[in-house]
Amino acid sequence: VTAAQLSGPERRGRLAGQGLVLQAGPLAVRIRTPLRSVQDYLAGHYADFPVADAGAAHFAVDVRASGRVRRFVRPQVTFAGDGVTPFHPLPAHMAAALFEWGFNWCVSRRVHHLLVVHAAVLSRNGHALLLPAPPGAGKSTLCAALVSAGWQFGSDEFALIEPETGLVHPLPRPISLKDQSVGIVSARWREAVFGPEVTEPTGARVRHLRPPGSGVAQAHVPLEARWVVLPAYRAGASTALASVPRARMLAHLADSSYNFTEFGARGFDCLRAIIDRSRCCTLTYSDLDEALAVCDGLARDTAV
Amino acid sequence: LHVWRTADPDLIFHRWPGESEAVAYSPRAGSLHLVTASAVVLLQELSARPQTAADIERFIGSGLGVSPGDVTGESVADLLRGLREAELVERAQP
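The rules we used
Residues numbered from 1 in each chain as written. Chains lettered and ligands numbered in written order. Predicted model: local features only at pLDDT ≥ 70, side-chain atom pairs only at ≥ 80, totals over all residues. Heavy atoms only, no water. Pairing = 2+ DSSP bridges. Helix = DSSP H or I, 4+ residues; strand = E, 2+ residues; numbered from the N terminus. Axes fitted to C-alpha atoms, helices over the stretch in contact; angles between N-to-C directions. Phe/Tyr/Trp six-rings, centres within 6.5 Å; stacked < 30°, edge-to-face > 60°. Buried < 20%, exposed > 50% of the residue type's maximum accessible area, 1.4 Å probe, protein only. Lys NZ or Arg CZ within 6 Å of the ring centre and 35° of its normal. Contact = heavy atoms within 4.5 Å. Salt bridge = Lys/Arg side-chain N within 4 Å of Asp/Glu carboxyl O. Buried area = accessible area lost by both parts, 1.4 Å probe.

**Observations concerning the sheet that holds strand E2 (residues 12-14) of chain B**
Residues and elements named next belong to chain B.
Consideration 1: Pairing is antiparallel in the open sheet, where 3 strands are placed in the order E2-E3-E4. In the strand order of this sheet, the two ends are held by E2 and strand E4 (31-36), each with one partner. Averaged over neighbouring strand pairs, the angle between their axes works out to 25° when direction is ignored.
Consideration 2: Sheet topology places E2 next to strand E3 (residues 21-26); 3 bridges connect them, and they run antiparallel.

**Some points on the packing of aromatic side chains**
Residue and element names in this part refer to chain A.
Consideration 1: Enumeration over the complete set of coordinates arrives at 11 aromatic pairs over all chains.
Consideration 2: With a centroid separation of 6.0 Å and an interplanar angle of 75°, the aromatic rings of Trp151 and Trp227 are classed as edge-to-face. Taken together, the residues span a long stretch of sequence, with Trp151 in the loop between helix H4 (139-148) and strand E8 (152-155) and Trp227 in strand E14 (residues 224-233) at a distance of 76 residues.
Consideration 3: Given a relative accessible area of 3%, Trp151 falls into the buried group.
Consideration 4: Accessibility expressed as a relative area gives 5% for Trp227, which makes it buried.
Consideration 5: Between the aromatic rings of Tyr233 and Tyr285, the centroid separation amounts to 5.6 Å while the plane-to-plane angle is 70°, which identifies the pairing as edge-to-face. Note that Tyr233 is positioned in strand E14 and Tyr285 in strand E16 (residues 279-285), a separation of 52 residues in sequence.
Consideration 6: Overall, the relative accessible area of 2% leaves Tyr285 in the buried class.
Consideration 7: Pairwise contacts between aromatic rings join Tyr41, Tyr46, Phe49, Phe59, Phe99 and Phe103 into one cluster.
Consideration 8: The positively charged end of Arg173 is found above the aromatic ring belonging to Phe103, 3.8 Å away from the centroid.

**Points about the pairing of strand E1 (residues 20-24) of chain A**
Consideration 1: Among the 5 residues in E1(A), 4 count as buried, and that is most of the element.
Consideration 2: Connecting E1(A) to the next strand, strand E2 (residues 27-32) of chain A, in antiparallel fashion are 2 residues, including A:Gly25 with a positive phi near 60°.

**Thoughts on the sheet that holds E1(A)**
All names here are of chain A.
Consideration 1: Overall, mixed pairing links the 5 strands, which are arranged E1-E2-E3-E4-E5 in an open sheet. Edge positions in the open sheet fall to E1 and strand E5 (90-91), since each of these has one partner strand only.
Consideration 2: Where E1 meets E2, 5 bridges bridge the pair, whose relative direction is antiparallel. Among the inter-strand pairings, Val21 is bridged to a residue of E2, identified as Arg30.

**Quick notes on the side chain of B:Ser26**
Residues and elements named next belong to chain B.
Consideration 1: Here Ser26 is to be found in strand E3.
Consideration 2: Residue Ser26 is classed as buried on the basis of its relative accessible area, which comes to 4%.
Consideration 3: Ignoring anything within four residues of it in the chain, the contact list for Ser26 reads Asp8, Leu11 and Ser31.

**Some points on unusual backbone geometry**
Among all residues save glycine, negative phi is the norm, and among peptide bonds the norm is trans.
Consideration 1: Positive phi values are uncommon outside glycine, yet A:Asp82 reaches one of about 50°.
Consideration 2: As for its placement among the helices and strands, A:Asp82 is situated in the loop between strand E4 (76-81) and E5.
Consideration 3: One non-glycine residue, B:Glu87, lies in the positive phi region at around 60°.
Consideration 4: Examined against the element boundaries, B:Glu87 turns out to sit in the loop between helix H3 (73-85) and strand E6 (89-91).

**What about the pattern of salt bridges?**
Side chains bearing opposite charge may pair, as long as their charged atoms lie close to each other.
Residues and elements named next belong to chain A.
Consideration 1: For the structure on display, the rule yields 22 salt bridges over all chains.
Consideration 2: Here Glu164 and Arg266 are joined by a salt bridge, their closest N and O atoms 2.2 Å apart. Linking Glu164 in the loop between strand E9 (158-161) and strand E10 (168-169) with Arg266 in helix H8 (residues 264-276), this pair joins segments that are 102 residues apart in sequence.
Consideration 3: Looking at Glu164, the relative accessible area reads 59%, which means it is exposed.
Consideration 4: Arg266 gets classed as partly exposed once you look at its relative accessible area, which sits at 39%.
Consideration 5: Connected through salt bridges with shared partners, the residues Arg32, Asp62 and Arg64 form a single ionic network.

**Focus on the interface of chain B and chain A**
Consideration 1: Between chain B and chain A, the contact holds 12 residues from the first and 15 residues from the second.
Consideration 2: Counting the surface lost from both chain B and chain A, the interface buries some 1300 Å², and carbon and sulfur atoms represent 71% of this.
Consideration 3: A per-residue breakdown of the area chain B buries against chain A is headed by B:Trp16, B:Tyr25 and B:Leu32, which together make up 45% of the total.
Consideration 4: Of the charged contacts in the structure, one is a salt bridge between B:Glu21 and A:Arg248, with a shortest N-O distance of 2.4 Å.

In structure tokens, the structure reads:
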């Protein structure tokens with residue numbers, strides 16, 4: 001049963017009551033919110049996610065109105081992850097975005113059985129392309145464009161890696177796009193469905209793109225990493241794919257992990273094995289079509 | 001005179017063929033460091049036997065094939081400072 005297959009009253013009742021547990025890739029999350037704006041957002045952006053058993057949740061997220069007076073005067077909302085409130089309250093119109101940011105916080109802090117690396121994940125023929133990149137590198141824009149061009153969507157934000165096998169689990173949650181990226185992606189992806197626009201404290205305008213149903217449907221299938229690419233969008237730059245020394249890429253992956261130190265030598269061996277079997281590159285680009293062509297070329301060329 | 005040793009006696013090194021850099025993983029700290037191939041040789045030496053800065057200066061001049069004129073006390077001090085800041089080496093207890 002998916003979230004969309006529950007009746008509206010049933011879904012809203014669970015969200016407002018004991019919680020609706022959704023399966024997001026290898027993670028089950030209990031979501032509680034009495035807020036209609038978040039309930040409606042979940043009904044759309046998480047429609048294809050399977051409903052999981054109540055006892056299966058890895059963590060619980062809670063988004064609700066804060067304070068009594070605040071409900072009437074400039075209403076605000078708060079987020080809690082497993083009872084912890086890591087963020088200041090935000091204006092009520094940012095509730096859905098706060099849910100996503102809080103979900104990210106939970107994945108980065110509450111997942112201890114999988115290596116969590118900050119990277120987008122896409123796949124072709126069961127093989128994963130990892131895009132680890134700092135904010136501003138164009139990771140999410142490239143990720144959405146690759147999906148629009150036929151790549152299977154795995155994740156916009158996190159690569160969840162089994163330490164024993166090195167397999168990468170998809171976590172196909174909504175893609176966070178900023179500023180001009182929304183227009184760029186919607187021009188390529190006519191069926192794209194976006195959530196409400198909010199302005200981050202940094203000033204960036206953000207909208208969340210609903211993940212494609214095909215990616216959600218395949219979220220239970222782990223992937224073998226074959227390509228690790230550092231994307232770097234630079235205005236006016238020529239498209240260039242350059243090899244990166246494996247030692248350097250391994251150090252970058254470890255730096256991009258939220259919990260690498262928790263796994264000891266297992267984590268080191270796991271990431272080293274991924275680097276061993278992957279082609280490691282930087283992709284500098286300004287022309288998105290050329291960047292897509294380069295990624296398609298990588299997928300055709302299976303040589304490591 | 002300070003005697004230097006690796007902060008973790010069980011450092012794990014990995015270097016891919018043809019690459020000038022390697023990684024050093026510390027099981028004790030759970031940390032991974034990108035290091036030069038020369039640093040690997042030096043760390044392996046310090047792991048086997050704690051040494052003074054003067055010993056290290058001599059080792060770099062001989063073991064790493066660096067021209068003795070290019071190895072100064074100052075450059076060794078800089079090297080040790082960097083490795084210490086990365087928590088790869090420490091002063092051994094007297």
